[in-house]
2 protein chains.
Amino acid sequence: MAGKSKRQIILEAAARSFRDKGYQATSMRDLADAISLKASSLYNHIGSKQEILRDICFDNANRFLSGMDDIDGQNIGPLEKIKALIELHIQVATEDITSVTAFNDEWRHLEDPDLSAFIQLRRNYENRFKKILETGMQTGVLTPTDPTVALYTLLSSVRWLYDWYKPERKPGLDLIRQQITSLLLKGLCQ
Amino acid sequence: MAGKSKRQIILEAAARSFRDKGYQATSMRDLADAISLKASSLYNHIGSKQEILRDICFDNANRFLSGMDDIDGQNIGPLEKIKALIELHIQVATEDITSVTAFNDEWRHLEDPDLSAFIQLRRNYENRFKKILETGMQTGVLTPTDPTVALYTLLSSVRWLYDWYKPERKPGLDLIRQQITSLLLKGLCQ
């Protein structure tokens, strides 16, 4: 895609390599090769593999938290908030390969204090999402269930898109978004 | 758990290490250390890291295919079959850590001809599952959607259990199973 910064190109190549080989087995040399840079030039843009992982994880965490701020601050009901949050996850999963790294298992390779900070952001996001689910259950819009089970089932249900989605895939992004949100919302409702 | 064979203990330790460090970064030495064996003793039980991965992937693929044979052979409707298949995925995810390896990304590290054979088994399983979904749509029991989108949303939605579930977790396995299947089946239905 045109207009991507060198930094974004590096983060995307790293996300692919972390997914395919794992964080530990990826070297800075692999990353330089993947984007046809000399290793010495790569170091002009980024200091270490750990710094790349940190950027990927915190960029994504902040994107979800900022989405949560927008959505949760609106004067709409819990069902509309949940719909908007599912759509946010679908959007991120289909437009940015780096999200697969942050939200599958690679964040486990962060080093402290980043690891603790990241877990805290993640917990914050999940707790706010659970609160919206609980409000929906208390007001009788949603079927009463364990909010953790409901939350993780929702979040997990769109994860396959990270790996599978390409713009040329059928049935197209609009229909995919509509069918997944409809399945999940109908499943949650009373 | 009592009564596990040495082979099963090795496969489980390997699945944990593949998940935490990645397949490529795991050495036979790491595996021997994880189960307090000498590396030379480990080789009495298993020939190579690739052999462990192969055993894990094919054990799990065969387990799902045999579950599919049982379920699809029964004289029940598509909705009952889908319910039984979701329950099968929940059961495997909560009782065997090695399934996380086979069904997340580690199977990508299989070498041919195993890689092609595994992809073929996987495709076979998915196609049979999609056929059941399509039958449900054609007979008007399920909402018409793209069967691939429905299938991957279902399979993906229980993946978090691999990592999260422990017998002491609340609300307990029976309720978790009931809440997840209810959410998904209600979501799929007309």
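Quantities reported herein were computed from a predicted structural model and do not represent experimental measurements.

Asks: Help me understand the pattern of salt bridges in this model?
Replies: Going through the model one piece at a time under the given rule, you end up with 32 salt bridges over all chains. Between Lys4(B) and Glu12(B) there is a salt bridge, with its nearest N and O atoms 2.7 Å apart. Looking at Lys4(B), the relative accessible area reads 29%, which means it is partly exposed. By sharing partners, the salt bridges in this structure join Arg19(A), Asp20(A), Asp163(A) and Arg108(B) into a single network.

Asks: Would you mind showing me how to read unusual backbone geometry here?
Replies: If a residue is not glycine, its phi is most likely negative; likewise, a peptide bond is most likely trans. Omega for the peptide link from Lys170(A) to Pro171(A) comes to 5°, which places this bond in the cis form. Examined against the element boundaries, Pro171(A) turns out to sit in the loop between α9 (160–164) and α10 (173–188). The omega angle of the peptide bond from Asp112(B) to Pro113(B) is 10°, so this bond is cis rather than trans. With respect to the secondary-structure elements, Pro113(B) resides in the loop between α6 (98–103) and α7 (114–138). Although it is not a glycine, Ser36(A) adopts a positive phi angle of roughly 55°. Looking at the element boundaries, Ser36(A) is found in the loop between α2 (28–34) and α3 (39–45).

Asks: Sorry if this is basic, but what is going on with helix α5 (residues 78–95) of chain A here?
Replies: What sets the pattern is the α-helix's 3.6 residues per turn: residues three or four places apart point alike. With 18 residues, α5(A) should reach 26 Å at 1.5 Å per residue; the first-to-last C-alpha distance of 26 Å fits that figure. Listing the buried residues of α5(A) in full gives Pro78(A), Lys81(A), Ile82(A), Leu85(A), Ile86(A), Leu88(A), His89(A), Ile90(A), Val92(A), Ala93(A) and Thr94(A).

Asks: Even after reading the chapter, I still don't get the packing of helix α5 (residues 78–95) of chain B against helix α10 (residues 173–188) of chain B, so can you show me in this structure?
Replies: Two numbers describe a pair of packed helices, the interaxial angle and the distance between the axes. Residues and elements named next belong to chain B. At a minimum axis distance of 10 Å, the contact between α5 and α10 shows a crossing angle of 140°. Classed by the angle they form, the pair α5 and α10 counts as oblique. In terms of crossing hand, the pair formed by α5 and α10 is right-handed. Contact residues: α5 offers Leu 79, Ile 82, Lys 83, Ile 86, Glu 87, Ile 90 and Thr 94, while α10 offers Leu 173, Arg 177, Ile 180, Thr 181, Leu 184, Leu 185 and Leu 188. The residue inventory of the contact of α5 with α10, partitioned by class, reads 9 nonpolar, 2 polar and 3 charged.

Asks: Even after reading the chapter, I still don't get the interface of chain A and chain B, so can you show me in this structure?
Replies: Many descriptions give the size of an interface as the accessible area lost when the pieces come together. In this complex, chain A contributes 33 residues to the contact, which on the side of chain B involves 33 residues. Summing the contributions of chain A and of chain B, the shared interface buries around 3000 Å²; its carbon and sulfur component is 60%. Ionic pairing is found between Asp163(B) and Arg108(A), a salt bridge with its closest N-O pair at 2.7 Å. Run the count over chain A and chain B and you get 14 residue pairs in polar contact (both at pLDDT 80 or more).

Reading the values: rules and limits
Residues numbered from 1 in each chain as written. Chains lettered and ligands numbered in written order. Predicted model: local features only at pLDDT ≥ 70, side-chain atom pairs only at ≥ 80, totals over all residues. Heavy atoms only, no water. Salt bridge = Lys/Arg side-chain N within 4 Å of Asp/Glu carboxyl O. Buried < 20%, exposed > 50% of the residue type's maximum accessible area, 1.4 Å probe, protein only. Helix = DSSP H or I, 4+ residues; strand = E, 2+ residues; numbered from the N terminus. Expected span 1.5 Å × (residues − 1). Axes fitted to C-alpha atoms, helices over the stretch in contact; angles between N-to-C directions. Parallel < 35°, antiparallel > 145°, perpendicular 65-115°, else oblique. Left-handed = near helix turned anticlockwise from the far one by under 90°. Contact = heavy atoms within 4.5 Å. Nonpolar A, V, L, I, M, F, W, Y, C, P; charged D, E, K, R; others polar. Buried area = accessible area lost by both parts, 1.4 Å probe. Polar contact = N/O pair within 3.5 Å; in protein donor to acceptor, adjacent residues only side chain to side chain.

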